[in-house]
Amino acid sequence: MTPLAKLLSRRIAATGPITVAEFMGECLLHPEHGYYSTRDPFGAAGDFTTAPEISQMFGELLGLWLAQVWLDQGAPARVTLAELGPGRGTLMADILRATKALPGFHDAAHVHLVEASPALRAVQRQTLDGHDITWLDRPEDLPDAPLLLVANEFFDALPIRQFQRDPAGWRERQVGIVDDHLGFGLSAPAPLAQLDHRLDDTAPGDLVETCPAAQPIMAEVARRIAIHGGAALIADYGGWRSYGDTLQAVRQHRPEPPLDNPGAADLTAHVDFEALAKAATDVRVSAMTAQGVFLERLGITQRAQILARGMTGAALESHIAAHRRLTHPQEMGTLFKILALTPKGSPPPPGADP
Ligand code: SAH
């Protein structure tokens, strides 16, 4: 049993089952035993890898996207260049390198990173050495200025609640003690106004998920873009409208049952892009767009060809594999999606379906 499993078991024995969201929140961000609080989980030696860790092309293209939006909005003299959940800081480093040559952009951009994990803040500090960075706990603390924001695989790490439809309403999935081990159970059924809109497209026995923390974060980001201008680009895995159990644990690049190693495995869930889009009011919200299509439209193939010129052997092979991994429909190309937020009335942002 992991130390966090012991702690949670004692707590559940004393005060009863906890929701999946409480479980996920503790597993990821418990101050002493949380997965992100205690380690750098990325890369081949870690537990999983993400688009910016796969290839520099991802961050470069996102950087150019942000630069184009900045130019389209009249190149404001001061902008907040922000990232939610920056991991190792690789994406921001690639964004900054790709935009270095654009006159005025680095002078205008003040980098703000919203990061909950002290361990990862330290890694980001190293990756972004030489840049002036401000760290924040919450997006509410961002400065009042035009906002250029990216978030890659941030929303999939926010705790989800799970509800199983029942003839008498909804039963919430909980984590309790079953045969001396952590195990799943269900609360008593009750009607839930928040899920009334799911009564039409579900049947008893079906499971849906909600992500309570995502909605206020999206609303806050959209509010700032509506008032001050700018844009947000959300990239993540998931789909339009949650359906079914998508809670997933990954350790050393292999999936495992989510209750097996609390605090020692990464836990994520599919992002419900419909819920994100709905929370973003008073801005233009793009259609949810497949990541592969988006990156192709931004010119990933041309960029890949230019980079390939200087490569041979194993480096070239792995570069070709990285391009394929980011864009191919059977890899990250269609499971991963992007959503773009821009002010109403501004030009449509590049690459995203309108
Ligand atoms: N964007 C990075 C990392 C994704 S992992 C990449 O693509 O490689 C998720 C990141 O979000 C980690 O940096 C994690 O510490 C951070 N995170 C998770 N929950 C958070 C929260 N509630 N507030 C701020 N950061 C959070």
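Our structure is the block above this text.
These figures come from a predicted structure and were not determined experimentally.

*Asks:* Even after reading the chapter, I still don't get the site of the ligand, so can you show me in this structure?
*Replies:* Taken together, 18 residues lie near the ligand, and Thr50, Gly85, Gly87, Glu115 and Asn152 sit nearest. Gly85 has a polar backbone atom sitting 2.7 Å from a nitrogen atom of the ligand. At 3.2 Å from a nitrogen atom of the ligand is found a main-chain nitrogen or oxygen belonging to Ala116. Look at the ligand: alone it shows 570 Å² of surface, and the protein chains cover 93% of it.

*Asks:* Just to check I follow, could you spell out the side chain of His30 for this structure?
*Replies:* Structurally, His30 is set in the loop between helix H2 (20-29) and helix H3 (35-38). Of the residues examined, His30 reaches a relative accessible area of 13% and is grouped as buried. At a separation of 3.1 Å, a polar atom in the side chain of His30 contacts the main-chain amide nitrogen of His33. Residues in contact with His30, not counting those within four places in the same chain, are Leu4, Leu7, Gly25 and Ser37.

*Asks:* It is not clear to me how helix H5 (residues 56-72) should be interpreted in this structure. Could you clarify?
*Replies:* Here H5 is 17 residues long and its end C-alpha atoms lie 24 Å apart, about the 24 Å a rise of 1.5 Å per residue gives. Of all 17 residues in H5, 12 are buried; the element is thus mostly enclosed. When H5 is considered as a whole, its buried residues turn out to be Met57, Phe58, Gly59, Glu60, Leu61, Leu62, Gly63, Trp65, Leu66, Ala67, Val69 and Trp70. Put simply, Ser55 is the residue that caps the front of H5, since its side-chain oxygen is 3.0 Å from the backbone nitrogen of Met57. At the C-terminal side of H5, Gly74 shows a positive phi close to 85 degrees.

*Asks:* In this structure, what is going on with the pairing of strand S8 (residues 181-186)? I would like to understand it.
*Replies:* Regular strands show a simple pattern: their side chains alternate between the two faces of the sheet. Pairing geometry for strand S7 (residues 169-178) and S8, over six bridges, is antiparallel. For Val178, the partnering residue across the bridge sits in S8 and is His181. Remark: two residues form the turn of the hairpin made by S7 and S8, two consecutive strands paired antiparallel; Asp179 in that turn has positive phi of roughly 50 degrees.

*Asks:* Explain the nonpolar core to me, please; I cannot follow it from the model alone.
*Replies:* Side chains of a nonpolar character, in soluble globular proteins, are inclined to be buried together. Within the largest apolar cluster, 43 residues are counted, with the highest numbers of intra-cluster contacts made by Phe58, Trp65, Leu81, Met92, Leu148, Leu233 and Leu326. Those residues within four positions of Met92 in sequence are excluded, and the remaining contacts are Leu81, Ala82, Glu83, Val111, Leu113 and Leu128. Listed in part, the 28 residues of the second largest apolar core include Leu147, Phe155, Val271 and Phe273.

*Asks:* Sorry, what's going on with the packing of helix H1 (residues 3-15) against H2 here?
*Replies:* Helix-helix packing is characterised by the crossing angle of the two axes and by the distance between the axes. Packing of H1 against H2 leaves a shortest axis separation of 11 Å and a crossing angle of 145 degrees. Once H1 is placed against H2, the crossing between them reads as right-handed. Of H2, the residues touching H1 (which contributes Leu4, Leu8 and Arg11) are Glu22, Phe23, Glu26 and Cys27. Of the residues in the contact of H1 with H2, the class split is four nonpolar, no polar and three charged.

*Asks:* How should the environment of Ile217 be read in this particular structure?
*Replies:* The residue Ile217 is located in helix H9 (residues 214-228) in this model. Sequence separation between Ile217 and Leu84 is 133 residues; the distance between their C-alpha atoms is 9.9 Å. With residues up to four places along the chain from it excluded, the contact list for Ile217 reads Leu84, Pro139, Phe154, Phe155 and Leu158.

*Asks:* Whenever I open this one, the pattern of salt bridges confuses me. Can you help?
*Replies:* Oppositely charged side chains are able to pair whenever their charged atoms sit close together. Here the structure, examined in full by the defined rule, presents 21 salt bridges. A salt bridge links Glu220 to Arg223; the shortest N-O distance between them is 3.2 Å. A residue pair is termed a helical-turn pair when its members lie 3 or 4 positions apart in one helix, as Glu220 and Arg223 do in helix H9 at three residues. Given a relative accessible area of 41%, Arg223 falls into the partly exposed group. Note that Glu256 and Arg251 form a salt bridge whose closest N and O atoms lie 2.9 Å from each other. Bridged by salt links that share partners, the residues Glu60, Asp94, Arg97 and Arg303 form one connected network.

*Asks:* Hey, could you run me through the sheet that holds strand S13 (residues 266-268) in this one?
*Replies:* Picture the strands of a sheet paired through backbone hydrogen bonds; they go either parallel or antiparallel. Strands sit in the order S12-S11-S13 across an open sheet of three strands; the sheet is antiparallel. Each of the sheet's edge strands pairs with one partner strand only, and the pair in question is strand S12 (254-256) and S13. With direction set aside, neighbouring strand axes in the sheet form an average angle of 35 degrees. For strand S11 (residues 248-251) and S13, the ladder comprises three bridges, and the chain directions are antiparallel. Each residue of the ladder has a partner; that of Gln248, found in S13, is Thr268.

*Asks:* Would you mind going over unusual backbone geometry with me for this structure?
*Replies:* Leaving glycine aside, a negative phi is the common case for residues, and trans is the common case for peptide bonds. A positive phi angle is found at Glu153, which is not glycine, with a value near 50 degrees. If you trace the backbone, Glu153 turns up in the loop between strand S5 (147-152) and strand S6 (161-166). In this structure Glu153 comes out as buried when scored by relative accessible area, which is 15%. Although it is not a glycine, Asp179 adopts a positive phi angle of roughly 50 degrees. Within the secondary structure, Asp179 is located in the loop between S7 and S8.

*Asks:* Can you help me understand the packing of H5 against helix H6 (residues 90-98) in this one?
*Replies:* For the pair H5 and H6, interaxial distance at closest approach is 7 Å and the crossing angle is 55 degrees. Regarding the angle of H5 to H6, the classification is oblique. Seen from above, H5 lies across H6 with right-handed handedness. For the pair formed by H5 and H6, the contact residues are Gln56, Phe58, Gly59, Glu60, Leu62, Gly63, Leu64 and Leu66 on the first element and Leu91, Asp94, Ile95, Arg97 and Ala98 on the second.

Rules and cut-offs
- Residues numbered from 1 in each chain as written.
- Predicted model: local features only at pLDDT ≥ 70, side-chain atom pairs only at ≥ 80, totals over all residues.
- Heavy atoms only, no water.
- Near = heavy atom within 4 Å.
- Polar contact = N/O pair within 3.5 Å; in protein donor to acceptor, adjacent residues only side chain to side chain.
- Areas by Shrake-Rupley, 256 points an atom, 1.4 Å probe, with all protein chains shown as cover.
- Helix = DSSP H or I, 4+ residues; strand = E, 2+ residues; numbered from the N terminus.
- Buried < 20%, exposed > 50% of the residue type's maximum accessible area, 1.4 Å probe, protein only.
- Contact = heavy atoms within 4.5 Å.
- Expected span 1.5 Å × (residues − 1).
- Pairing = 2+ DSSP bridges.
- Core = buried A, V, L, I, M, F, W, Y, C linked by side-chain atoms within 4.5 Å.
- Axes fitted to C-alpha atoms, helices over the stretch in contact; angles between N-to-C directions.
- Left-handed = near helix turned anticlockwise from the far one by under 90°.
- Nonpolar A, V, L, I, M, F, W, Y, C, P; charged D, E, K, R; others polar.
- Salt bridge = Lys/Arg side-chain N within 4 Å of Asp/Glu carboxyl O.
- Parallel < 35°, antiparallel > 145°, perpendicular 65-115°, else oblique.

Take it as geometry only, folks, not as evidence of what the structure does.
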